[in-house]
Amino acid sequence: MAKIAVIGLGYVGITTAVGMGRLGHDVIGYDISSERVMALANAKAPIHEDGLEEALGFLKQSEKVSFTHTYQEVSDFKADYFFICVPTPQDASGAANLTFVLAAAKALSQIAPADSIVVLKSTVPVGSGERVKQALSRTDIHVASNPEFLREGSALHDFMNPDRIIVGAASEQVSTRVLELYDDIPSRKIATSVESAELIKYSTNAYLATRLSFVNDLAALCEKVGASVDDLVAGLGSDSRIGPSFLSPGPGWGGSCFPKDTRALISVASDFGLDLPIIDAALESNEESLSRVVESIRDLAGGSLEGKIIGVWGLAFKANTDDIRESPAMNIVARLLARGSEVIAFDPVAVAPKASGFSQVQSAELAAAGVDVLAVLTEWPEFAQVDPIKVSKSMKSTAVMDARRVLPVDAWRSAIDNFRVLGG
Ligand code: UGA
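Model, not experiment: these values are computed from the prediction.

(A) Local environment of the layout of surface pockets. Here the largest pocket defines a volume of roughly 1400 Å³. As for the largest pocket, its lining consists of 49 residues, and the residues nearest its centre are Arg151, Leu208, Phe246, Phe258 and Lys318. Put simply, the parts of the chain that give the lining of the largest pocket at least two residues each are helix H7 (155–160), strand S7 (164–169) and helix H9 (194–225). Sort the elements by how many residues they give to the lining of the largest pocket and H9 lands first, with eight residues. What the second largest pocket holds in volume is close to 870 Å³. What lines the second largest pocket is a set of 38 residues, and nearest its centre among them are Gly10, Cys85, Val86, Pro87 and Arg325.

Printed below as a string of structure tokens:
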């Protein structure tokens, strides 16, 4: 079994630490925040992630994973592998900012044992492996890229059941050593160069985002021509060259990855004098999707948003997470506020910052009481359990926009005078 240090304990780092522990490796997780480290050491999950607390509790007992906020303890651990999982935020130009990655590499250059491997899991643009190598400035340490394909909310499941594992390295010997960590996972394993691995990660997210833009555009067309978007998606997805997953229409795609990674890919290409018109169009289409939802809400509000009260169900960028980064729901709320509406929102777990300019209430029912229009912006399954008749009685006027296609259509259509579903 290998000794692994994980640097950075966000959702990727925590999942990597826990996943590697579950594969039987000895793991130490490092984060700069002592508060986060303390929580993890006490088997408390600082993020909302399915099955995480149970896994942390189990690993605590088996002493497979420990956590620290000092590089000294990481050094004492004498790891064979160092997984860099720190954030790569977007800078003003749309490029990924490597400050944290390079700082981690600098710190590791002081403590990594000879022949150890520094593995980049953070999503980084092509050429970052080389920059990490320079920051390490040690010829006796190897660099590899092992991009993650973890969805927030089901990250642990995705770690243990990946479609494929990609490892990029300068030599077959190094990629084999990284792939061996995953011997117990029976998925396809692909060894390649560092540059190809970096690009596979970006292309995957850019492709998925483009696919959603395509579906969202067609959902709008379905609405216009009276076609069924459910049947369209079923028909489209039944073509084995297309496949059925990742085709649910929504108000737009968001989160901490798709928007950032599509822009970063465009920025990388432009550094090389290349345009990526399809990905440009996917971003543009996504803006359109968000605007379409706002205009639908405006129509339901009687043609103007000024002075209207809008109830919002869902703030997270998708269900099963508390993450509101680049959330379509938050984006739409901001547009509603800018157009003079008052917003009352409910999310089962996500909490918006106090200064967001709207109120957050403690139940779906409270977010519908007294409002002019109710908009469903995140697909939390519990919204489908709310009684539409009760909701209709408590609203000021009965107008509902389901932008996530989560409410049972027949029941809501018969209870609500003005019921609209994205995609028709
Ligand atoms: C995404 C990728 O799915 C992961 O493979 C990747 O590892 C991760 O980014 C990352 O780069 O770290 P995530 O951001 O957690 O994962 O979210 P997704 O589940 O992919 O959803 C992204 C957005 O697309 C959300 O706004 C979601 O609501 C939307 N979406 C997703 C749809 O509108 N329809 C769908 O069918 C699927």
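(B) Inspection of the site of the ligand at higher detail. As a structural note, the neighbourhood of the ligand is formed by 20 residues, with Glu148, Leu150, Glu152, Lys201 and Asn205 the closest of them. Within the side chain of Tyr11, a nitrogen or oxygen atom sits 2.9 Å from an oxygen atom of the ligand. The separation between an oxygen atom of the ligand and a polar main-chain atom of Phe317 is 3.1 Å. Notes on the ligand: free accessible area 710 Å², of which the protein chains cover 93%. When atom positions are compared with the pocket grids, the ligand is found to occupy the largest pocket. Going through the elements one at a time, H9 and helix H11 (258–271) are the ones with two or more residues in the shell around the ligand.

(C) Molecular detail of the packing of H9 against H11. Two numbers describe how H9 lies on H11: the axes approach to 9 Å, and their chain directions differ by 115 degrees. Regarding H9 and H11, the two cross each other, and that crossing is left-handed. In this structure, H9 contributes Leu199, Lys201, Tyr202, Ser203, Asn205, Ala206, Leu208, Ala209 and Leu212 to the contact, and H11 contributes Phe258, Asp261, Thr262, Ala264 and Leu265. Residue composition of the contact of H9 with H11, by class: nine nonpolar, three polar and two charged.

(D) Broad picture of the side chain of Asp347. By secondary structure assignment, the location of Asp347 is in the loop between strand S10 (342–346) and strand S11 (359–360). Although Asp347 is buried, it forms no salt bridge, and the closest oppositely charged side chain is Arg404 at an N-O distance of 9.1 Å. Among the polar contacts listed, one links the side chain of Asp347 to the backbone nitrogen of Ala316, at a separation of 3.0 Å. Within the structure, Asp347 has its side chain in polar contact with the backbone nitrogen of Ala350 (distance 2.7 Å). Those residues within four positions of Asp347 in sequence are excluded, and the remaining contacts are Gly314, Leu315, Ala316, Gln360, Thr378 and Trp380.

How each quantity is defined
- Residues numbered from 1 in each chain as written.
- Predicted model: local features only at pLDDT ≥ 70, side-chain atom pairs only at ≥ 80, totals over all residues.
- Heavy atoms only, no water.
- 1 Å grid on protein atoms, 1.4 Å probe; cavity = no way out; pocket = protein on both sides within 12 Å on 5 of 7 lines; lining within 4 Å.
- Points joined across faces, edges and corners; volume = space filled by probe spheres on them.
- Helix = DSSP H or I, 4+ residues; strand = E, 2+ residues; numbered from the N terminus.
- Near = heavy atom within 4 Å.
- Polar contact = N/O pair within 3.5 Å; in protein donor to acceptor, adjacent residues only side chain to side chain.
- Areas by Shrake-Rupley, 256 points an atom, 1.4 Å probe, with all protein chains shown as cover.
- Sits in = over half its atoms within 2 Å of the grid points.
- Axes fitted to C-alpha atoms, helices over the stretch in contact; angles between N-to-C directions.
- Left-handed = near helix turned anticlockwise from the far one by under 90°.
- Contact = heavy atoms within 4.5 Å.
- Nonpolar A, V, L, I, M, F, W, Y, C, P; charged D, E, K, R; others polar.
- Buried < 20%, exposed > 50% of the residue type's maximum accessible area, 1.4 Å probe, protein only.
- Lys, Arg positive; Asp, Glu negative; His and termini not counted.
- Salt bridge = Lys/Arg side-chain N within 4 Å of Asp/Glu carboxyl O.

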